[in-house]
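Residue-level listing of the chains:
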Amino acid sequence: MALQRFLGGYARLAKLPEPQPVIVMLAPLCERVRRLVDERIRVDVDPELRVVADADQLEQVLINLLRNAVEAGGDAPVELFARPEGGQARVQVRDRGEGLPSSDSLFVPFFTTKAGGSGIGLVLSRQILEAQRGSLELLSRAPEAGTVAEIRLPLASPER
């Protein structure tokens, strides 16, 4: 079973499709993902925020990050926040879980802190975003409990 998970994860990492960037309205995409993952997620996204991204791949990244946050946070609320900042969109998934494990391996393929985890979700998410001129960072909410997964993506120019 573990070998099967490993091989499946490796295959997904090795075959990431080329992104097909288009202009994406973030608010409706975030609302759709909220409904897919957990209705209790609080969405606070600038309704005019537009990014250049592959919508399907970005949706997969958000699903992964929100599922992680919901699992980490227990009954505590999870927030999905997005605003423009310095020519980019700053998108944050905020949880109130135990916080980041003390490990530099969170973005190492097949490293996992979850029982039954494959260790590819964060790596794959970062690869997807970097292929779209974006980034993914995990930040502590210290001194509060919890973690912030922060995505940065290029904003769509107003004339598009």
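Here the structure is shown first, and the text comes after it.
Residues numbered from 1 in each chain as written. Predicted model: local features only at pLDDT ≥ 70, side-chain atom pairs only at ≥ 80, totals over all residues. Heavy atoms only, no water.

## Quick notes on the overall build of the chain
So, step 1. The helix and strand inventory of the chain stands at four helices and seven strands.
So, step 2. The helix and strand sequence of the chain, counted from the amino end, reads α-β-α-β-β-α-β-β-α-β-β.
So, step 3. Across the 160 residues that make up the chain, the buried fraction comes to 41%.
So, step 4. Relative to all contacts within the chain whose residues are 6 or more apart in sequence, the contacts with residues 24 or more apart total 68%.
So, step 5. Just so you have it, the chain exposes about 8,800 Å², and 51% of that area is on carbon and sulfur atoms. (Helix = DSSP H or I, 4+ residues; strand = E, 2+ residues; numbered from the N terminus. Buried < 20%, exposed > 50% of the residue type's maximum accessible area, 1.4 Å probe, protein only. Contact = heavy atoms within 4.5 Å. Areas by Shrake-Rupley, 256 points an atom, 1.4 Å probe, with all protein chains shown as cover.)

## Things to note about the sheet that holds strand S6 (residues 135-140)
So, step 1. With respect to topology, five strands assemble into an open sheet ordered S2-S4-S5-S7-S6, the strand pairing being mixed. This sheet does not close on itself; its edge strands, each paired only once, are strand S2 (42-45) and S6. This sheet shows a mean twist of 15° between the axes of neighbouring strands, independent of strand direction.
So, step 2. Bridging between strand S4 (residues 79-85) and strand S5 (residues 88-94) involves seven bridges; their strand directions are antiparallel. Across the sheet, the residue bridging to Ala82 is Val91, located in S5. (Pairing = 2+ DSSP bridges. Axes fitted to C-alpha atoms, helices over the stretch in contact; angles between N-to-C directions.)

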